[in-house]
Amino acid sequence: MYICTAQQMRELDAYTIEYGGLNELLLMEIAGNAVSHALIHNDLTRDAIITIVCGAGNNGGDGFVIARRLKEMGYNCSLFLAYEPQHLKGVAAQHFTIYNKNFPNDWQLCDQQLTRLKQQLGESTYIIDCLLGTGLEGELRLYEETLIQCINDATAYKIAVDLPSGLHATNGRIPTIAVHAKKTYTLAAPKTGFFLQQGPAVIGEWHCLNISVKIAAHAKLGMDLPQVIDDKLVSSGIPYRPADGHKGVFGYSWIIAGSSKYIGAAVFCSNAAFQTGCGIVELTTTSAIHIAIASQSPDILLTSYDEALEIPNKANVIAFGPGLGREKPTLHQAILQKITALNHPLIIDADGLYYATNMQEQLKKRSAPTILTPHPGEMAMLLKRSIDEVENNRFGVAKELAKRYDAFVLYKGHRTIITAPNGQQWLCPIGDDALGRGGTGDVLTGLLTSLLAQGSQPMAAMQVAVYIHAAAASEVGKRTGNYKMTAWQLIDALAIKLGQYIR
Ligand SMILES: NC(=O)C1=CN([C@@H]2O[C@H](COP(=O)(O)OP(=O)(O)OC[C@H]3O[C@@H](n4cnc5c(N)ncnc54)[C@H](OP(=O)(O)O)[C@@H]3O)[C@@H](O)[C@H]2O)[C@@H](O)CC1
Ligand SMILES: Nc1ncnc2c1ncn2[C@@H]1O[C@H](COP(=O)(O)OP(=O)(O)O)[C@@H](O)[C@H]1O
Ligand SMILES: [K+]
């Protein structure tokens with residue numbers, strides 16, 4: 001599923017109108033119809049008290065169609081307008097006229113004191129938010145701010161149409177206040193702001209409705225739209241595991257990680273790789289922690305950092321960086337030099353990224369794939385910018401880094417973005433605060449290494465890894481509460497999740 005900015009959505013709407021034989025009035029009818037169908041099938045009970053709050057733009061226009069459709073079906077539905085009908089323009093005005101023809105004067109204006117609106121919202125079981133959509137610009141006006149506050153104060157189940165009012169569709173900012181939706185029915189495509197900044201906190205559960213907008217025209221219009229990773233894609237990306245496969249078939253991961261301070265990083269990364277199907281996992285780490293690791297994880301082959309410079313191994317994928325620390329810069333830089341020259345897929349994570357900053361040109365020249373997995377702090381370091389700067393432009397900086405290093409980039413965050421060297425982007429729509437603790441990134445690197453070792457292509461491996469990692473964590477969180485998940489519980493859950501998604 002493609003993700004659009006507000007501007008891209010407008011261009012695709014315009015294209016549909018110009019070349020698709022549909023006019024704006026019809027598109028709005030289709031949109032309002034799609035939302036009312038979804039409401040009836042998924043949400044509304046027969047005795048529900050429904051209030052639809054409409055603004056003066058086309059988002060409000062959708063609301064007029066929804067109100068008409070619901071009333072035609074016999075639902076108890078009240079329509080509130082933020083502004084007098086003479087302020088309506090274009091197709092929104094036309095749809096208000098159609099509504100009024102069918103249900104004459106069966107609407108109310110939000111009065112100055114908002115007493116009638118507040119009372120109605122207080123009595124409602126559902127509030128349908130059609131105040132503002134993709135047309136929101138700049139700071140919210142005080143009047144709309146008050147209306148949104150009234151909606152949020154009500155205990156009703158809130159459903160946003162296209163997006164919660166007050167949220168910026170493109171950048172996910174909420175300058176003042178936004179409707180806290182339990183659910184969002186978005187039209188044609190989810191908007192980039194759903195996955196950035198404060199967007200994820202207010203959109204609730206979101207569903208995208210097909211309203212005949214020609215999304216497929218994006219390539220013709222020169223748009224490079226990111227896509228959302230979904231269940232189907234994950235299922236098709238999990239490497240095939242033949243019943244007659246032996247350890248040689250399931251790959252050899254070479255993980256270069258850990259230090260006396262960060263033992264866990266090495267343990268979690270290598271165990272995540274081994275416990276998600278990789279045939280052999282070799283961990284190169286400081287010999288000072290070998291005994292501790294061997295007693296905890298006897299399945300893992302152990303070698304020391306000094307050996308890494310000399311001994312060739314049989315690995316088919318290399319991961320470098322979790323828990324390295326920065327105490328041995330000469331040795332670790334030399335190891336990165338060596339493995340960069342090898343023709344293996346190479347994942348560079350955590351402190352490995354610090355050493356990568358000195359090797360941009362060598363990494364760029366590699367013919368085997370390189371995958372960089374920065375969190376926002378590491379992205380800021382790699383691009384020499386502040387964390388705010390990179391976080392304010394997540395899609396953009398991920399593309400920039402991918403280009404600079406000619407690498408795949410997995411940009412971590414609440415909504416992780418993965419980017420191919422050619423700029424193609426995918427976004428993981430799931431994951432929560434269960435993952436917000438040390439060690440979960442090491443587990444992700446282990447899983448990613450394992451998938452590559454088992455034969456996945458880089459893009460598929462990243463898509464599967466981020467999604468399975470987030471889904472597994474949510475499941476553990478449901479069982480234990482999000483305060484309590486340990487890296488071991490996450491590792492255990494990974495294999496179970498992979499099993500659930502396998503074709
Ligand atoms: N195009 C299509 O074919 C289709 C579009 N569709 C629908 O149209 C929606 C986009 O419609 P849109 O462009 O009319 O914008 P919309 O979100 O209603 O906002 C405009 C209103 O917001 C107001 N406003 C703006 N800034 C403000 C602020 N800071 N503070 C307060 N108010 C502010 C602005 O007021 P004004 O500045 O004009 O006084 C105006 O009244 C889209 O989300 C989808 O739902 C569907 O029907 C499918 C077909
Ligand atoms: N609130 C959250 N929602 C979704 N994912 C999260 C959240 N917090 C952290 N994560 C994920 O958890 C992982 C943390 O990785 P990282 O910061 O490298 O941790 P560490 O290096 O300590 O293991 C990343 O995959 C990140 O996307
Ligand atoms: K809305």
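Residues numbered from 1 in each chain as written. Chains lettered and ligands numbered in written order. Predicted model: local features only at pLDDT ≥ 70, side-chain atom pairs only at ≥ 80, totals over all residues. Heavy atoms only, no water.

- Under the annotation held in an unreviewed UniProt entry, the protein carries the name Bifunctional NAD(P)H-hydrate repair enzyme and is attributed to Kurthia sibirica.
- The UniProt entry for the protein carries the following text under Subunit (unreviewed entry): "Homotetramer." (UniProt positions renumbered as here; feature names shortened; annotations may be inferred.)

**Things to note about the site of ligand 2**
Inference 1: Taken together, 17 residues lie near ligand 2, and Lys412, Gly413, His414, Gly439 and Gly441 sit nearest.
Inference 2: A distance of 3.2 Å separates a nitrogen atom of ligand 2 from a polar backbone atom of Asp432.
Inference 3: Protein coverage of the free-state accessible area of ligand 2, which is 580 Å², stands at 78%.
Inference 4: Element by element, the count of residues in the shell around ligand 2 is highest for helix 18 (residues 440–453), at 4 residues.
Inference 5: Here the residues of the shell around ligand 2 sort into 2 nonpolar, 11 polar and 4 charged. (Near = heavy atom within 4 Å. Polar contact = N/O pair within 3.5 Å; in protein donor to acceptor, adjacent residues only side chain to side chain. Areas by Shrake-Rupley, 256 points an atom, 1.4 Å probe, with all protein chains shown as cover. Helix = DSSP H or I, 4+ residues; strand = E, 2+ residues; numbered from the N terminus. Nonpolar A, V, L, I, M, F, W, Y, C, P; charged D, E, K, R; others polar.)

**Details of the site of ligand 1**
Inference 1: Inspection of the region around ligand 1 gives 24 residues, with Asp62, Gly133, Glu137, Glu139 and Asp162 positioned closest.
Inference 2: Within the backbone of Asn58, one N or O atom sits 2.9 Å away from an oxygen atom of ligand 1.
Inference 3: One of the side-chain N or O atoms of Asn59 is found 2.8 Å from an oxygen atom in ligand 1.
Inference 4: In isolation ligand 1 offers 940 Å² of accessible surface; the protein chains occlude 79% of this area.
Inference 5: The element that contributes the greatest number of residues to the shell around ligand 1 is helix 2 (residues 24–42), accounting for 4 residues.
Inference 6: Taken together, the residues of the shell around ligand 1 sort by class into 9 nonpolar, 7 polar and 8 charged.

**Examining the UniProt feature "binding site: K(+)" (unreviewed entry) in the protein**
Inference 1: The UniProt record marks Asn59, Asp129 and Ser165 with the feature "binding site: K(+)" (unreviewed entry), using the residue numbering of this structure. Separation in sequence by 107 residues is not matched in space for these annotated residues, since their most distant C-alpha atoms are only 9.4 Å apart.
Inference 2: Along the chain, Asn59 falls in helix 3 (residues 58–72).
Inference 3: The contact partners of Asn59, leaving out residues within four places of it in the chain, are Asp129, Cys130, Leu131, Leu132, Gly133, Val161 and Asp162.
Inference 4: Positionally, Asp129 belongs in strand 4 (residues 126–130). (Contact = heavy atoms within 4.5 Å.)

**Concerning the packing of helix 9 (residues 263–274) against helix 18**
Inference 1: For the pair helix 9 and helix 18, the least separation of the axes is 7 Å and the interaxial angle reads 35°. For the crossing formed where helix 9 meets helix 18, the hand is right-handed. Across the interface between the two elements, Ala265, Phe268, Cys269, Ala272 and Ala273 of helix 9 pack against Asp442, Val443, Thr445, Gly446, Leu447 and Ser450 of helix 18.
Inference 2: Grouping the constituent residues of the contact of helix 9 with helix 18 by class yields 7 nonpolar, 3 polar and 1 charged. (Axes fitted to C-alpha atoms, helices over the stretch in contact; angles between N-to-C directions. Left-handed = near helix turned anticlockwise from the far one by under 90°.)

**Description of the environment of Tyr75**
Inference 1: Inspection of the secondary structure assignment puts Tyr75 in the loop between helix 3 and strand 2 (76–81).
Inference 2: Placed 58 residues apart in sequence, Tyr75 and Gly133 show a C-alpha to C-alpha distance of 24 Å.
Inference 3: When near neighbours in sequence (up to four residues on either side) are disregarded, Tyr75 contacts Ile40, Leu44, Thr45, Arg46, Ile50 and Leu70.

**So, the pairing of strand 13 (residues 346–349)**
Inference 1: Burial of strand 13 is two-sided: the residues Leu346 and Ile348 facing one way and the residues Ile347 and Asp349 facing the other way are all buried.
Inference 2: Sheet topology note: the strand 12 (residues 317–320)/strand 13 ladder contains 3 bridges and is parallel. Of the residues in strand 13, the one forming a bridge with Phe320 is Ile348.
Inference 3: Read from strand 12 through helix 12 (residues 329–341) to strand 13, the crossover connection turns out right-handed. (Buried < 20%, exposed > 50% of the residue type's maximum accessible area, 1.4 Å probe, protein only. Pairing = 2+ DSSP bridges. Right-handed = clockwise from strand over helix to strand, strands pointing away.)

**Notes on unusual backbone geometry**
Inference 1: We note that Ala188 has phi near 70°; this positive angle belongs to a residue other than glycine.
Inference 2: On the secondary structure map, Ala188 appears in the loop between strand 6 (183–187) and helix 7 (199–202).

**Examining the packing of helix 2 against helix 3**
Inference 1: Interhelical geometry of helix 2 versus helix 3 gives an angle of 55° and a closest axis separation of 8 Å. Classed by the angle they form, the pair helix 2 and helix 3 counts as oblique. Helix 3 is crossed by helix 2, and the crossing has right-handed handedness. Across from Glu24, Met28, Glu29, Ala31, Gly32, Asn33, Val35, Ser36, Leu39 and Ile40 in helix 2, the residues of helix 3 making contact are Asn58, Gly61, Asp62, Val65, Ile66, Arg68, Arg69 and Leu70.
Inference 2: The residue makeup of the contact of helix 2 with helix 3, split by class, is 8 nonpolar, 5 polar and 5 charged. (Parallel < 35°, antiparallel > 145°, perpendicular 65-115°, else oblique.)

**Digging into the side chain of Ser36**
Inference 1: Position of Ser36 among the secondary structure elements: in helix 2.
Inference 2: Side-chain polar atoms of Ser36 contact the backbone oxygen of Asn33, separated by 2.9 Å.
Inference 3: In this structure Ser36 touches Ile66, Arg69 and Leu70, once residues within four positions along its chain are discounted.

**Focus on the state of the cysteines**
Inference 1: In total, this model carries 0 disulfides according to the counting rule given.
Inference 2: Cysteine Cys4 remains unbridged, with the sulfur of Cys208 as its closest cysteine sulfur at 8.9 Å.
Inference 3: Cys4 sits in the buried class, given a relative accessible area of 0%. (Disulfide = S-S within 2.5 Å.)

**Describing the domain arrangement of the protein**
Inference 1: What the domain assignment reports for the protein is domain 1 (6–219) and domain 2 (231–501).
Inference 2: Using C-alpha coordinates to define each centre, domain 1 is positioned 41 Å away from domain 2.
Inference 3: Taken together, the contacts link 7 residues of domain 1 with 8 residues of domain 2.
Inference 4: Taken together, the two surfaces of domain 1 and domain 2 that pack against each other cover about 580 Å², and 69% of this comes from carbon and sulfur.
Inference 5: In this structure, the connection of domain 1 to domain 2 is made through 0 salt bridges. (Domains from an automatic or database assignment. Buried area = accessible area lost by both parts, 1.4 Å probe. Salt bridge = Lys/Arg side-chain N within 4 Å of Asp/Glu carboxyl O.)

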